[in-house]
Amino acid sequence: MQGEIIVIAILSSIACAIPGVFLLLKRMALISDAISHSILPGIVIGFLVKQSLNTPYPIIGAVLSAMVMVVVSESLHRSNLVKGDTAIAVVFPPLFSVGVILVSIFAKNVHLDTDAVLLGELAFAPFDRMAIFNTTLPKSMVKMAIILVLNLIVMIVLFKELKVSTFDPVLSKSLGFSPSFLHYLLMFMTSITAVGAFDSVGAILVLAFMITPTATALLLTNSLFLMVIIAFILATGSSILGVLFAMKIDAGISGSITTVMGLFFILAYLFSPSNGVVTRIKNKMRIKHEYALSIILYHLMNHCEADDMESECSYGHLMDQFSYPQRYLKKVVHSAVARGLVEEHNGVFHITEEGLKSTSLPVYK
Amino acid sequence: MNDLNNIAIEVEDLTVAYHHNPVLWDIDVQIEKGVISAIVGPNGAGKSTLLKSILQLIPISSGSITFFGRSLKEMRREVAYVPQRSEVDWDFPTTVLDVVMMGSYGALGWIIPPGKRERELALQALEKVGMTEFANRQISELSGGQQQRTFIARALVQDASIYLMDEPFAGVDAATEQAILKVLRELQSKGKTLVIVHHDLLTVKAYFDHVILLNVHTIAAGPVKTTFTQENLQKAYKGKFSAFKGDIDEFTV
Amino acid sequence: MSLLYEMIFDYTLRNVALGTLLLGLGAGAIGSFMTLRGQSLIGDAIAHATLPGVAIAYLLTSAKDPSVLLIGAAIAGVLGIGAITVIIRTTKIDSDGANGIILSIFFGLGLLLLTYIQKLPKSSQAGLDRFIFGQAATIVAKDVVIIAIVQFLVLTTLVLFFKEFKSSTFDPQSTTVMGFNQKIIDFIFAALLVAVIVVGLQTVGVILISALLVAPAAAARQWTHSLKTMVILSSLFSGISGMIGSLISATGMNLPTGPMIVLVLTLFIAISFLFGSKRGVVNKKIAQIKRNRTFDQNRILLALDTLARSHEESDLYHSSHTIGLMVQHNQGIKRVLKQLTFSGLLLVDEESNYALSRKGEEFVASLKGGEGLYAR
């Protein structure tokens, strides 16, 4: 049973990662939050149709209300009455509120527990089973598997188009890939995934599943393809570790998975070879070093043959001329000597052949 | 060693780099008091960056900058900045007069609100730029030229000694261009120093007396007459300049 | 009417009304700046980010006293803003992504801790529902006092630093050059935001607090072009919505507070968007119709002027058909001609032909800047 939970978690997190990648890159990450909150009224209304969650109506209703949110907030944005994110921030709360109110009026007693909808509970998933082929499987597993496959198909088939429309909408249009069609497709995919995941992951954490592994991957690579792969790997790893940890301390599973995803993010933030904090600090120091080196080399180059070489190129003078702290200057000069760019004779420095060659200016625009 | 009172801005060894890309490298520039200086160069050459790093709006990798021999911190009251129009949201709910009054905030310091005196100063500045009737106009209703004049008025209120402006002449109508020029010349006659990122090579000789040619490095800097030469422009624009045929003097307006 | 009576004399209702009113005041004010800075969703992120603070505060102190928990929430909120800022500044992730990440990670951690707490022997349902949905109906006098103090501090700070907020929102660069440390301004702003959110969580809940911050500001913007008025209107909208919403919820069919408040707010917004005097859709339409009408009128007058120049003095009257040809637009022209005659700008003869009156001539002259045929 634990295995089943892990499988469902993995399926959910990978399914979420797919729209997540494109949303994050398009700077629309928070739309997924808005969407996952907006599905509530649709679910409730769909539930009310047949007083059951086991019909397709809740799902249809959910996707519909999510798309309502998307459409309304976009026309609001276009009308210029509000700017930027404000459109979203103003549209999803009323939808969510309607949902909550409907729940409290009509469904308080029955299976629709707001906690479950919002927070999900993977631990209960194995108890809700359906018969398929020769065995029974948890419904969520089947559901998420289907959604995952659908998402994968869309992504693989339209990878090129999605890539272009994400990074260069103008180019996309000129190539004939309608960016707005792709955009709505993405919104639709996000809605379906959010709906599918709400009972296992919970509405609030759909955002986390969609964004966090992707963001971590973003810190590790610049290639879209690698980003997707890394996000998948991270999603899988977080799911496994998250479930195990939650079972150990007897806590909520989706929260646990999210926390693990967060840890991965922090690790990437600090140690990413391309973007991490550590690398940044190193880069900064390196540029400073390179610059100090280059001005010293210039100085030596200009005074190499001069009569005042003795005074200009001695250690003491270098220290006076350049306003660097003594220890730093020493370090730079010594590294120059070690690299064979500068030689020292009796306390006076000369630039070498190597050094002369290396004095190329940074590129002009 | 030049008299400190004469060097309005001194930039030494300024380097600004993002990741591995140098945007400004080893910039050395001296700007004397009382000049109107143009900073020109191709796109991406670091012109705006130079202004911003002088004003400590962006972090620098190395170098030092002094104003009349002092640090920016000590000289804040003497330095005024006019950013590019596009770097501001003109949909902000405020009037022209309000924006101009913002120029007096620096002198007021924290917490103290602007009063009658500041309002007066703002109105005077508006008159200098010919925008008095627009005082209560919403800034979203302004044309490009009117926006620029508002910005200049705001800088005037500060009554600084040094004015740094980023492309004030870009995208404005001819009348505004002349109005701004008049204001600048008036400032210069009062002994103020002006450093302006300029986009239009054709007007450099007519509007400025000092020029800095920039392309990641300082290509050349000095009086327009001697510095704004064919040779230097070639160096700065590296081949993109061949579009200009003929003598450089034909650029005089 | 009995509601009003109860509002004043019923202890609970009075507290509820006061509490949510005060809460809204601060929220609307700070929310104005939030939206203008383009940070509409940061309230959402911070609100979610407070959860682990509450949980940890509880774990450390085992106290159910809300004040302790609120302090934990505040600390978490401040850390959250700090983390968002750091991520934006040091990575290629933008504000949208940073908000999302902090929201997710903090809230996920909070949930983890909370579900763990719920399983602990001593604690009961640690109020997760209340945290998510808010429960204004349980506001007591002590809460109102706390809310009042916090709001007072928030509003006072806002007033004190109004010009700094205004300038740094409009043009952060120039503000920095003038000597105002942007970091300090950001910090004050963040502190106010966290204060308002933390205090508001109890009333409206996590998910909806962002609405209380952003919606009234968006509504207020439609009515004014002045920042000061916008902030004041926004506070009022927020406070009144809060009050009405929570009252309905408390006395009605036991509907949850947060959602009711949001619905009232949405009503305010809808009205503002449609009818707002400065940008409302309806008003814009009306303004446009007026403009079109003026445009038509002017074109007709100018057309008659042109015709007059090319004809003899005796032949100044022209049929509506001719005029219609001149302006290339025949539809509804008779109506406009009648309007112009009614306003005294045109004269009409027995054959329903029109000419410019004296007044009309003067008007045309003014249109053309004093160079018309009839310029005085």
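In what follows, the accompanying structure is described. (Residues numbered from 1 in each chain as written. Chains lettered and ligands numbered in written order. Predicted model: local features only at pLDDT ≥ 70, side-chain atom pairs only at ≥ 80, totals over all residues. Heavy atoms only, no water.)

Considering the overall build of chain A
- Within chain A one finds 17 helices and four strands.
- Relative to all contacts within chain A whose residues are 6 or more apart in sequence, the contacts with residues 24 or more apart total 68%.
- Summed over all atoms, the accessible surface of chain A reaches about 16300 Å², with 66% contributed by carbon and sulfur. (Helix = DSSP H or I, 4+ residues; strand = E, 2+ residues; numbered from the N terminus. Contact = heavy atoms within 4.5 Å. Areas by Shrake-Rupley, 256 points an atom, 1.4 Å probe, with all protein chains shown as cover.)

Description of the interface of chain B and chain C
- Taken residue by residue, the interface counts 32 residues in chain B and 25 residues in chain C.
- Interface area, chain B with chain C, both sides summed: about 2600 Å², of which 66% is carbon and sulfur.
- Summed over the three residues of chain B that lose the most area to chain C, namely B:Phe92, B:Pro93 and B:Trp110, the buried surface amounts to 28% of that side.
- At the boundary of chain B and chain C, one finds two salt bridges. (Buried area = accessible area lost by both parts, 1.4 Å probe. Salt bridge = Lys/Arg side-chain N within 4 Å of Asp/Glu carboxyl O.)

Section: the sheet that holds strand β2 (residues 346-348) of chain C
All names here are of chain C.
- Overall, antiparallel pairing links the three strands, which are arranged β1-β3-β2 in an open sheet. Looking at the sheet topology across the chains shown, the edges are occupied by β1 (318-319) and β2.
- Here β2 pairs with strand β3 (residues 353-356) via three bridges, running antiparallel. Counterpart to Val348 in the pairing with β3 is Tyr354. (Pairing = 2+ DSSP bridges.)

Side note on the pairing of strand β6 (residues 162-166) of chain B
Residue and element names in this part refer to chain B.
- Within β6, five of the five residues are buried, leaving the element largely enclosed by the surrounding structure.
- Taking every second residue as pointing to the same face, both faces of β6 are buried, with Ile162, Leu164 and Asp166 on one and Tyr163 and Met165 on the other.
- Pairing between strand β5 (residues 79-82) and β6: four bridges, direction parallel. The residue bridging Val82 from the neighbouring strand is Met165, located in β6.
- The parallel pair β6 and strand β7 (residues 193-197), bridged by helix α7 (residues 174-189), forms a crossover whose chirality is right-handed. (Buried < 20%, exposed > 50% of the residue type's maximum accessible area, 1.4 Å probe, protein only. Right-handed = clockwise from strand over helix to strand, strands pointing away.)

Quick look at helix α10 (residues 230-237) of chain B
All names here are of chain B.
- Turning to α10, its buried residues are Asn232, Leu233, Ala236 and Tyr237. The buried side chains of α10 occupy one side of the element, clustering within an arc of 120 degrees when seen end-on.
- Buried-residue contacts for α10 involve β3 (36-40), β8 (210-215), β9 (217-223) and α9 (224-227). (Arc of directions from axis to C-beta.)

Let's talk about the interface of chain A and chain C
- Contact with chain A, which involves 55 residues of that partner, is made by 53 residues of chain C.
- At the boundary of chain A with chain C, the tally comes to one salt bridge.
- When the shortest N-O distance is used, the salt bridge between C:Asp94 and A:Arg27 registers 3.5 Å.
- Counting across the chain A and chain C interface gives eleven residue pairs in polar contact (both at pLDDT 80 or more).
- Elements with a minimum of two residues in the side of chain A that touches chain C: α2 (29-50), α4 (86-106), α5 (114-119), α10 (203-220), α11 (224-249) and α12 (253-271) of chain A. (Polar contact = N/O pair within 3.5 Å; in protein donor to acceptor, adjacent residues only side chain to side chain.)

As for the packing of helix α3 (residues 42-49) of chain C against helix α11 (residues 182-204) of chain C
All names here are of chain C.
- Axis separation between α3 and α11 bottoms out at 10 Å; the angle between their running directions is 60 degrees. Judged by the angle between their axes, α3 and α11 are oblique. Here the hand of the crossing between α3 and α11 comes out right-handed. Residues Ile42, Gly43, Ile46 and Ala47 of α3 pack against Leu193, Val194, Ile197 and Leu201 of α11.
- Residues that form the contact of α3 with α11 fall into these classes: seven nonpolar, one polar and no charged. (Axes fitted to C-alpha atoms, helices over the stretch in contact; angles between N-to-C directions. Parallel < 35°, antiparallel > 145°, perpendicular 65-115°, else oblique. Left-handed = near helix turned anticlockwise from the far one by under 90°. Nonpolar A, V, L, I, M, F, W, Y, C, P; charged D, E, K, R; others polar.)

Remarks on the sheet that holds β6(B)
Residues and elements named next belong to chain B.
- Strand order in this open sheet of six strands is β5-β6-β7-β3-β8-β9, and the pairing throughout is mixed. Looking at strand neighbours, the two that pair on one side only are β5 and β9, the edges of this open sheet. Neighbour to neighbour, the strand axes of the sheet diverge by 15 degrees on average, direction disregarded.
- Across the face of the sheet, α7 comes into contact with β3, β6 and β7 while running at roughly 145 degrees to β7.

Brief notes about the pattern of salt bridges
- All chains considered together, the criterion is met by eleven salt bridges over all chains.
- In this structure, the salt-bridge partner of A:Arg339 is A:Glu290, at a minimum N-O distance of 3.7 Å. One end of the pair, A:Arg339, is in the loop between α16 (326-338) and β3 (342-345); the other, A:Glu290, is in helix α13 (residues 277-303), and 49 residues separate them in sequence.
- Classification of A:Glu290 as partly exposed rests on a relative accessible area of 29%.
- Between C:Asp186 and C:Arg37 there is a salt bridge whose closest N-O contact spans 2.7 Å. With a gap of 149 residues between them, C:Asp186 in helix α11 and C:Arg37 in the loop between α2 (11-36) and α3 connect regions that are remote in the sequence.

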